[in-house]
Amino acid sequence: MYLSTYSQQTHSTPENTASGFLFNYISLNSWDYLQFKRTMSAAPSAPPASMFDTVPGYEGTMAGGGGGFLPPPMPTVPMPLPEAPSQPDWQIPSISEDRARVALRTYVSSKCCYSSAPVNEGVITNMETFNTYRYRLETFTESRSSEWSNEPYTAQTVDAGVQPAPTPWQIATKPPTFFQDQKQAIKVPYTSSVKNCHTCLGMGRGPCTTCAGAGNKVCSWCNGTGHRQTDDRCMHCTGRGRENCSSCSGQGNRQCETCRGKRQLLVYINVNVKWTTEKADFVAQQSSGLKVQNLESVSGKQLFQDSQYMLYPVLGFPDVSVAQASDRLLKEHLAKYAQTSRILQQRQTIELIPITKVNYMWKGKSYVYFVYGNEFEVNTEDYPATCCCSVM
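Looking now at the overall build of the chain. A count of helices and strands for the chain gives 4 helices and 14 strands. Counting over 392 residues, the chain shows a buried share of 40%. Pairs at least 24 apart in sequence give 81% of the contacts found in the chain among residues at least 6 apart. When the accessible area of the chain is evaluated, it comes to approximately 22300 Å², of which 50% is carbon and sulfur surface.

What follows is the structure, given as structure tokens:
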């Protein structure tokens, strides 16, 4: 049963206003009309569970996701063992006095109120190197989840039950380049079926939510009085106090947004594949006096990188805390991600963030500044030649 023709009423009566729909029914009798009102008011806002078929391998799949990630199957062939990296030569770089002076000059020139006199006349008395190491572990994973999806039915292929659907991890995909995050939704073959639209109950249209199906609403010019402040008749609504609803063009109903008026939906399972780079950082403590927040905006010099399917911890690094962090984070990633996703590649990197503390004399007094990061950023809390200036 569906509405074949309808038109908006110009007035209402007690018999036809109960549901908010104002129709002249040509093909429906009064009993059908009352039934339509009751069914539309009971229409679910989300697909009911009974709408979906049972597909082996996809038990627990929900509409809109929420069923959780699907664990990958155990490997059918032995996975490659990690190779122990060769022992690197840990060379710790440092900067020269000229480089430290150029960095300060660049910094001062960027400040409108800083004089260059301390740069030109100051004498560097001491330079101390404080090395801060940043260890980063990246684990590139592939995870899969399933969800019921739907779209308006427009004569697409219906294949549910033709043969068993492939399980989530049997579906072939093309992974992106390692450590490049990406998502992909894949329609599972042999899960597509046709169902009546749950939103409009297969009618293709529904009540307008703006006017509650009345087709009109209170006039925005006269607030429903039918007159303006001068007691003249409102010209916008011609004195009726109501105006046609712009959302539904006065019809009181609108095309169903779920099925787009097609009355039926193609229902199928999607497998959502997600490639993600999971990261963990460790920054070794440093005692230079420079605030840690300053280091967040700079990069470091790469001392070491190793990339394999599975990694060994870093061995023999001068700072033992970095080696300990490598061992700990590798174990944490394996425990956290191997159960719910497939690990495709791991990469570990050690950066040196160079910090140089520079002591210098100017006009008989001692001052300090720091040069840090790959960009040779400068921080100075006590620059001696500043002035207060304002832009007129």
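Structure's up, so let's keep going.
Let us now look at the nonpolar core. Grouped burial of nonpolar side chains is what soluble globular proteins tend to show. Tyr58 and Val188 are the most contacted members of the largest nonpolar core, which has 22 residues in total. Secondary structure elements with two or more residues in this core: β3 (123-152) and β10 (264-283). Setting aside its immediate chain neighbours within four residues, Val188 contacts Tyr58, Ala165, Pro166, Ile171, Ile269, Asn270 and Val271.

This paragraph deals with the pattern of salt bridges. Counting across every chain of the model gives 8 salt bridges. Taking the shortest distance from any N to any O, the salt bridge between Arg101 and Glu97 comes out at 3.8 Å. One end of the pair is Arg101 and the other is Glu97, both in helix α2 (residues 97-109) and 4 residues apart, which spans about a single turn. Note that Arg144 is salt-bridged to Glu142, the shortest N-O span being 2.8 Å. Here Arg144 matches Glu142 in class, with each residue buried.

To continue, consider the layout of surface pockets. In this structure, the second largest pocket occupies an estimated 280 Å³ of space. Taken together, 12 residues line the second largest pocket, and the ones lying closest to its centre are Thr199, Gly206, Pro207, Thr209 and Gln255. For the lining of the second largest pocket, the secondary-structure elements that each account for two or more residues are β6 (205-207) and β9 (253-255).

Here we take up the confidence of the model for the chain. Chain-level pLDDT for the chain is 82 on average; 81% of the residues reach the 70-or-more range. Predicted confidence is poor over residues 1-37, with pLDDT under 50, and the contacts of this stretch with residues over four places away or in other chains come to 62 contacts.

Further remarks concern empty space enclosed by the protein. What the rule picks out here adds up to 3 cavities of 30 Å³ or more. Estimated volume of the second largest cavity: approximately 50 Å³. Taken together, Arg101, Leu104, Pro118, Val119, Gly122, Val123, Ile124, Tyr360 and Tyr369 make up the lining of the second largest cavity. Among the elements of the structure, α2, α3 (117-121) and β3 are those that each provide at least two residues to the lining of the second largest cavity. Residues that form the lining of the second largest cavity fall into these classes: 7 nonpolar, 1 polar and 1 charged.

Enumeration according to the criterion identifies 9 aromatic pairs in this entry. Considering the side-chain rings of Phe140 and Phe179, the 5.8 Å spacing of their centres and the 55° angle between planes classify their relative orientation as tilted. Taken together, the residues span a long stretch of sequence, with Phe140 in strand β3 and Phe179 in the loop between β3 and β4 (182-187) at a distance of 39 residues. Taken as a pair, Phe140 and Phe179 share a single burial class, namely buried. Aromatic pair Tyr360 and Tyr369: ring centres 5.6 Å apart, planes at 65°, arrangement edge-to-face. Tyr369 carries the same exposure label as Tyr360, and that label is buried. Taken together, the aromatic side chains of Tyr107, Tyr114 and Tyr383 make up a single cluster linked through ring pairs. Over the ring of Phe376 we find Arg99; its NZ or CZ atom is 4.2 Å from the centre of that ring. The side chain of Lys187 reaches across the aromatic face of Tyr268, ending 4.2 Å from its centre.

Thresholds, definitions, all that
- Residues numbered from 1 in each chain as written.
- Predicted model: local features only at pLDDT ≥ 70, side-chain atom pairs only at ≥ 80, totals over all residues.
- Heavy atoms only, no water.
- Helix = DSSP H or I, 4+ residues; strand = E, 2+ residues; numbered from the N terminus.
- Buried < 20%, exposed > 50% of the residue type's maximum accessible area, 1.4 Å probe, protein only.
- Contact = heavy atoms within 4.5 Å.
- Areas by Shrake-Rupley, 256 points an atom, 1.4 Å probe, with all protein chains shown as cover.
- Core = buried A, V, L, I, M, F, W, Y, C linked by side-chain atoms within 4.5 Å.
- Salt bridge = Lys/Arg side-chain N within 4 Å of Asp/Glu carboxyl O.
- 1 Å grid on protein atoms, 1.4 Å probe; cavity = no way out; pocket = protein on both sides within 12 Å on 5 of 7 lines; lining within 4 Å.
- Points joined across faces, edges and corners; volume = space filled by probe spheres on them.
- pLDDT = per-residue confidence, 0-100.
- Nonpolar A, V, L, I, M, F, W, Y, C, P; charged D, E, K, R; others polar.
- Phe/Tyr/Trp six-rings, centres within 6.5 Å; stacked < 30°, edge-to-face > 60°.
- Lys NZ or Arg CZ within 6 Å of the ring centre and 35° of its normal.

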